[in-house]
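Chain by chain, the residues run as shown.
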Amino acid sequence: MTSGARSPSPEPPGPQPIRRLHESLINRIAAGEIIHRPASALKELLENSLDAGSTSIQVIVKDGGMKLLQIQDNGCGIRKEDLPLLAERFTTSKLTTFSDLSKLTTYGFRGEALASISHVAHLTVITKTQSNNCAWKAAYVDGGLVPSKAGYTSDPKPCAGNNGTTIIIEDMFYNTPTRMSALRSSSEEYARILDVMTKYAVHNSKVSFGCKKAGSLSPELSTPSCSDISQAIRQLYGHSIAKELLHVTASSVSDDSTDMDDPEDPEAWSAEAYVTNANYQGKKTALLLFINHRLVESHRIKRSIESIYSGILPKGSSPFVYLSINLDPRSVDVNVHPTKREVHFLNEESIIERISDAIQQKLAGQSQSRVFEYQTLLTGGIAQSGSRKGKEKASNVDEVEEDGEAPEDDRRASGSQVKKVLSQHKVRTSLQDRTLDSMIPVTDPLRTESDEPVTAIRLRDIKESTCHFASIAELRRLATKRIHHDLTEIIKKHTFVGVIDMSRCLTLIQHNKNLYMVNHAALAEEMFYQLALLQFGDYNRLKLDPPPSLRMLVKFAVDVEEDTARSGMSEDEIVDRIVKTLMDRREMLLEYFSLDISETGDVKALPHLLREYTPNLDKLPMFLMRLGPQVIWESEQECFGSFMRELAYFYSPAPLSVVSAPASDEDRQKTQKSEVWRIQNILFHAMRKYLAAPKSLLDNDVVQVASLPDLYRVFERC
């Protein structure tokens, strides 16, 4: 065989020529290292605002910061003569020489943030210093000034504005489509923005922060100034974290100091931390780490803290940790990351070890008790699968009921097989069963003196009044929309157990196999609001004989009110204004609400929402006083709604906020027993019939405290 000629190998390519990149390309590449997403641009600008001494920073976001990101502060502003250099690279007011890096106390120092933003977005700056008579507006593209509109020059233009600086970033990454396509949805980018702002708001608790979406009326993040770190954590991260916080301090010399001990010692340091105890169990570690007030990340610190909690928390649970470390600027190298996300500092291992030891000692000192919480369904049950039902049914067959024989119908249905009703599945249904106070004698004018069980008072039917006002129809529609059907079912079919705390208005009720603690004042207030709405314009009247003076009642309430000084008016002026407000509207109050005030200023009658129940007339002065400032008289719907809310608050059994006249222990005991009887036999009976419970009651006023099957499981283990 003959082989063909072998083809020659291609010659290797020669070296490519080295070219100098265009300046715009260099700047755009550098901008990509600093501005990864809208949240990273926001971080740089927040730090600039804090460097400027701002006490208020407000942010507006559109489409996750891609269309618009606006940051407004009230800092020192920027001088007009510095505006041409503002967006050029490496222009800064923080550094002069390289040695200044060793004593840096500000957030920014490179002068790259605004320059990088101007290369990937349209940048507009409005600024005013305290010495200027007006603000100045300038627009930037690719690091240089450009005309804000066609036909204008690129020079900064005077405009109206407040002291401070407003930076507007529009169309971010409009010229880098690859970076634009790599970003997530606008909602996720907005969540990252909120996360950055939340962390800085916690650390800078003396600064007011606000963030909202463009076009939104209310901010989604808003913090006051002049608070402390623990209060900021409570407001921003919630009560569930704040109630479990432990305060930890450590330093290079003393564990009780939060300030560096020797300012001349470059190795001096101090740390302050707020960490959660063993009762809090998060899904992932939340670490807010600030080193010299700069938000940074440190995997070594995070791993060290997680190792502490690994022996305390269950597997899969993580803590919340806020940690602020103050070091001498000479021992910190901040110039190790393009976005300044990481820093290096001297004696890192020993400092981390000292901080970890302090946290561990604090946790060990709080380990005497633990709180375990579990979540249950409001109605106490879920639909069981067929196999589960079958297993339970099979397990109950051929078992004999402990407390008696099975009903005859059950025996006939199952033949010789008898179902056992376990104790934990028995439900008390009789209203005559023993309650917490059933053995205590009660004095009440409505209650008989016999020893027989007292049945609940029979309530009259209340019909809905005919009303053609669109505002009342809308209020009734909203009340119907807010109904929570499961909670309403619990209230309608509950069994009263007893009042456990009159001062805090707490009562126990039972529904099926669950025990609930409810705020009976909040439930009654909601019921009376619904009764007021139901009977609008057709109330019964509760006549006052003799009729008291309106002015006298309002003056009495104003005299005991503590916050009248904040209004800027004297007590007599406040009384005059409230009385005039009610007298000018007395015809409307009589026609719609049956609140009868005579021409001479006497209160002759009040609206009677429930015939079987008389409100505590000691609250009448407070009710009349609150009608002045609390009712929104200008708008029809808000006027009707706020008046009925105040009327419901007057009818609710909430205790008076002022101290009443002293009474003997015997009289006080009789009064309290009488009130407990009224709550059980009138109010809770009325709630069964009239209350359509709204979902808002689940926030703080209805809590499941026990479940019978769960309790039996605990007892069985014991």
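Above: the structure in question.
Keep in mind the model is a prediction, meaning the values are calculated, not measured.

Turning our attention to the overall build of the chain. Of regular secondary structure, the chain possesses 22 helices and 23 strands. Every one of the 718 residues in the chain was classed for burial, and the buried ones make up 43%. Summarising the internal contacts of the chain: among those between residues at least 6 apart in sequence, 70% fall at separations of at least 24. Accessible surface, the chain as shown: approximately 40,400 Å² in total, 50% of it carbon and sulfur.

Turning our eyes to something else, we now look at the packing of aromatic side chains. Per the stated rule, a full pass over the model turns up 21 aromatic pairs. Their ring planes at 90° and their centres at 5.4 Å tell us that Phe469 and Tyr592 sit as a pair that is edge-to-face. Residue Phe469 is located in the loop between helix H11 (408-414) and helix H12 (470-481), and its partner Tyr592 is located in helix H17 (residues 586-593); the two are separated by 123 residues in the primary sequence. For Phe469, a relative accessible area of 28% corresponds to the partly exposed category. Exposure remark for Tyr592: the relative accessible area of 18% places this residue in the buried category. Ring geometry for Phe536 versus Phe640: centroids 4.9 Å apart, planes at 50°, classification tilted. Pair noted here: Phe536 is in the loop between helix H14 (520-534) and strand S20 (540-543) and Phe640 is in helix H19 (residues 636-651), with a separation of 104 residues, a long-range link.

A few words on the pattern of salt bridges. If you walk through the whole model with that rule in mind, you get 21 salt bridges. For Arg300, the salt bridge identified is with Glu349, shortest N-O distance 3.2 Å. Taken together, the residues span a long stretch of sequence, with Arg300 in helix H8 (residues 299-310) and Glu349 in helix H9 (residues 348-365) at a distance of 49 residues. For Glu349, a relative accessible area of 57% corresponds to the exposed category. When the shortest N-O distance is used, the salt bridge between Glu474 and Arg477 registers 2.7 Å. Of this pair, Glu474 and Arg477 both sit in helix H12, three residues apart, which is roughly one turn of that helix. A relative accessible area of 41% places Arg477 in the partly exposed class.

Once that is clear, we can look at the packing of helix H2 (residues 38-51) against helix H3 (residues 113-120). One way to put it is that H2 packs onto H3 with a least axis distance of 10 Å and a crossing angle of 145°. Relative to H3, H2 is oriented so that their crossing is left-handed. Contacts between H2 and H3 involve Ala41, Glu44, Leu45 and Asn48 from the first element and Ala113, Leu114 and Ile117 from the second. Residue composition of the contact of H2 with H3, by class: five nonpolar, one polar and one charged.

Take the pairing of strand S1 (residues 56-62) next. Side chains Ile57, Val59 and Val61 of S1 all project onto a buried face; the interleaved residues Ser56, Gln58, Ile60 and Lys62 project onto a face where none is buried. Relative to strand S8 (residues 208-213), S1 is paired through six bridges, and the arrangement is parallel. Following the sheet pairing, Ile57 is matched in S8 by Phe209. Relative to strand S2 (residues 68-73), S1 is paired through six bridges, and the arrangement is antiparallel.

Parameters and conventions
Residues numbered from 1 in each chain as written. Predicted model: local features only at pLDDT ≥ 70, side-chain atom pairs only at ≥ 80, totals over all residues. Heavy atoms only, no water. Helix = DSSP H or I, 4+ residues; strand = E, 2+ residues; numbered from the N terminus. Buried < 20%, exposed > 50% of the residue type's maximum accessible area, 1.4 Å probe, protein only. Contact = heavy atoms within 4.5 Å. Areas by Shrake-Rupley, 256 points an atom, 1.4 Å probe, with all protein chains shown as cover. Phe/Tyr/Trp six-rings, centres within 6.5 Å; stacked < 30°, edge-to-face > 60°. Salt bridge = Lys/Arg side-chain N within 4 Å of Asp/Glu carboxyl O. Axes fitted to C-alpha atoms, helices over the stretch in contact; angles between N-to-C directions. Left-handed = near helix turned anticlockwise from the far one by under 90°. Nonpolar A, V, L, I, M, F, W, Y, C, P; charged D, E, K, R; others polar. Pairing = 2+ DSSP bridges.

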